[in-house]
Amino acid sequence: MVKQKERSDKDASIGFNQKKVRAYNERLVLSLIQRHGALAKSEITRRSGLSAQAVSVIIGELEKDGLLLRGEPIRGRVGQPSVPMRLNPDGIFSFGLKVGRRSADLILIDFAGETRASARITYSYPMPDLVKAFATQGVRDMSLQIGAGQQDKIAGIGIALPFQLWSWEDKVGVAAGTMDVWKTFDIAQELESATGLNAYTQNDCTAACSAEVAFGRGMAFSDSLYIFVGTFVGGGVALNNSIYSGRTRNAGALASMPMPGPDGEDKQLIDFASLYFLEEMLKEKGLDPTLLQQQSFDWTNLGAILEEWLDRAAHYIALAIASATAIIDFEVAIVDGTMPASVRDALVEKIRDAISQRNWQGIELPVVLEGTLGSPARALGGASLPLFIRYLLDQNMLFNHA
């Protein structure tokens, strides 16, 4: 899931020493509080499996480090008042960079996952130098908002971008070879050199899935299929409340899922459920495709064009959900994307209708739900990477203790 330095099998077999055990237990306490919003010491003790004394010591250290805050005591029960602990929003900060086919977004979030600052650039297609310059300047500008002497509270920068960006040149309308520079451009290394921050990369739709699991309605479900409809459709897989990235860190690559075309030709989901094709439909009608990138534009004005695209996208997304569920018994399928909430809701409703109209004998399809984060999901997922890598635990670990 995350690009990091290679670790040998020998390293993986080394047991925890005292310092590592303490670090693990601190991460466990922080992660439980992050997931539940606020927890009293007694509840942390119950969920973590640690002793009450150990939890008290850990909380004391985390308070001293400025990572936790005490809430108001809850009275009315037998014994001492219960004091809920919560993450200190100002304890840690993190940057998230989303590199998309049409735009790049940079956000600064705090330890509670709230966005403190954001910036965006748009383009016809992404090029490394442009993205690097945008991110580098944005990090410098946003870092000033944290305050003097607080720069050591920045955990790093997480980068969410499509893998093999150069593979889609024909669909974004650039000459062959134009984006080959991405093949040798290590954006994480470049931004580490430019900003001095630790940098990590993740597939953009996997990052969006991570954000939904960590901060959205995905928290409530154990196994979920995530579908993100952007310029090109993509997805992610969450198993046991944890992102499953697979052998090549590309699990949930729904864009490449084979689909039968109207005339029986071999196609992929990307050919039917991507906003790129809505843009193409607008061009055919003599309309400006950049309207979809304007926040003030009302998509309902597209009328029949939008309905045609929604019907086609819903049909093929329903097929993708069924195909994925035949392999993994997903509880829910969560659909989100770079579109107004009302359009996303209409798409979800059409997917449900498409599912209900077919015979899926032998499999029980998941409940289809709307995502909760929208377009910012990818940048937010990127920003969460440094937090989980340095301070928190994989969600799967939490459910072994909850």
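Because the structure is predicted, anything quoted here is derived from the model rather than measured.

**Regarding the sheet that holds strand S10 (residues 233-239)**
Hydrogen bonds between backbone atoms are what pair the strands of a sheet, whose relative direction is either parallel or antiparallel. With respect to topology, five strands assemble into an open sheet ordered S11-S10-S9-S14-S15, the strand pairing being mixed. Two strands lie at the open edges of the sheet, namely strand S11 (242-243) and strand S15 (367-370), each paired on one side alone. Docked against the sheet, helix H10 (residues 304-327) engages strand S9 (224-229), strand S14 (332-337) and S15, running at close to 155° with respect to S9.

**Overview of the packing of aromatic side chains**
Within the structure shown, the criterion is met by six aromatic pairs. Here Phe232 and Tyr276 contribute two aromatic rings whose centre-to-centre distance is 5.6 Å and whose plane-to-plane angle is 45°, an arrangement assigned as tilted. Residue Phe232 is located in the loop between S9 and S10, and its partner Tyr276 is located in helix H9 (residues 275-284); the two are separated by 44 residues in the primary sequence. Here the two residues Phe232 and Tyr276 agree in accessibility, since each one is buried. Plain terms: the ring middles of Tyr276 and Phe277 are 4.9 Å apart, the flat faces sit at 85° to each other, and that makes the pair edge-to-face. By the burial criterion, Tyr276 is buried, and Phe277 matches it. Through a chain of ring-to-ring contacts, three or more aromatic side chains come together here, namely Phe232, Tyr276 and Phe277.

**So, the side chain of Asp105**
The topology assignment puts Asp105 in strand S5 (residues 103-110). Looking at Asp105, its side chain comes within polar contact range of the side chain of Arg120, at 2.7 Å. Once residues lying within four places of it in the same chain are set aside, the contact partners of Asp105 are Gly96, Leu97, Lys98, Ala119, Arg120, Phe134 and Ala379.

**Focus on the sheet that holds strand S7 (residues 154-161)**
Spatially, the five strands line up as an open sheet ordered S6-S5-S4-S7-S8, and their pairing is mixed. Every other strand in the sheet has two partners, leaving strand S6 (115-122) and strand S8 (199-203) as the edge strands with one partner each. If you compare each strand with its neighbour and ignore which way they point, the axes differ by 15° on average. The pairing of strand S4 (residues 93-99) with S5 spans seven bridges and is classified as antiparallel.

**Remarks on the packing of helix H3 (residues 41-48) against helix H4 (residues 52-64)**
Following both chains from N to C, one finds H3 and H4 inclined at 120°, their axes separated by 9 Å at the closest point. Between H3 and H4 lies a crossing of right-handed hand. On H4, the residues touching Lys41, Ile44, Thr45 and Ser48 of H3 are Ala52, Val55, Ser56 and Ile59. Classifying every residue of the contact of H3 with H4 by side-chain character gives four nonpolar, three polar and one charged.

**Describing the pairing of S4**
Burial analysis of S4 places seven of its seven residues in the buried class, which makes it a mostly covered element. Judged by which residues are buried, S4 turns out to be covered on both faces: Phe93, Phe95, Leu97 and Val99 on one side and Ser94, Gly96 and Lys98 on the other are all buried. Turn length for the S4-S5 hairpin, with the two strands adjacent in sequence and antiparallel, is three residues. Sheet topology note: the S4/S7 ladder contains five bridges and is parallel.

**A word on the environment of Glu370**
Within the secondary structure, Glu370 sits in strand S15. For Glu370, a relative accessible area of 17% gives the class buried. Glu370 sits 33 residues away from Gly337 along the chain, and the two C-alpha atoms are 9.6 Å apart. Residues contacting Glu370, with those up to four places away along its chain left out, are Arg217, Ile334, Val335, Arg344, Asp345, Val348 and Arg352.

**Concerning helix H11 (residues 341-356)**
Over its 16 residues, H11 extends 23 Å from the first C-alpha to the last, a length consistent with the 22 Å expected when each residue adds 1.5 Å. By the burial criterion, the buried members of H11 are Val343, Arg344, Leu347, Val348, Lys350, Ile351, Ala354 and Ile355. Buried positions in H11, seen along its axis, are confined to an arc of 165° and lie on one side of it.

**Here's the deal with the packing of helix H5 (residues 128-143) against helix H7 (residues 187-195)**
Two elements in contact, H5 and H7, have axes separated by 10 Å at closest approach and are oriented at 40°. Between H5 and H7, the angle is such that the two are oblique. Regarding H5 and H7, the two cross each other, and that crossing is right-handed. Note on element contacts: H7 touches H5 through Ile187, Glu190, Leu191, Ala194 and Thr195, opposite Val131, Lys132, Ala135, Thr136, Val139 and Arg140. Class assignment of the residues belonging to the contact of H5 with H7 gives a composition of six nonpolar, two polar and three charged.

Conventions used here
Residues numbered from 1 in each chain as written. Predicted model: local features only at pLDDT ≥ 70, side-chain atom pairs only at ≥ 80, totals over all residues. Heavy atoms only, no water. Pairing = 2+ DSSP bridges. Helix = DSSP H or I, 4+ residues; strand = E, 2+ residues; numbered from the N terminus. Contact = heavy atoms within 4.5 Å. Axes fitted to C-alpha atoms, helices over the stretch in contact; angles between N-to-C directions. Phe/Tyr/Trp six-rings, centres within 6.5 Å; stacked < 30°, edge-to-face > 60°. Buried < 20%, exposed > 50% of the residue type's maximum accessible area, 1.4 Å probe, protein only. Polar contact = N/O pair within 3.5 Å; in protein donor to acceptor, adjacent residues only side chain to side chain. Left-handed = near helix turned anticlockwise from the far one by under 90°. Nonpolar A, V, L, I, M, F, W, Y, C, P; charged D, E, K, R; others polar. Expected span 1.5 Å × (residues − 1). Arc of directions from axis to C-beta. Parallel < 35°, antiparallel > 145°, perpendicular 65-115°, else oblique.

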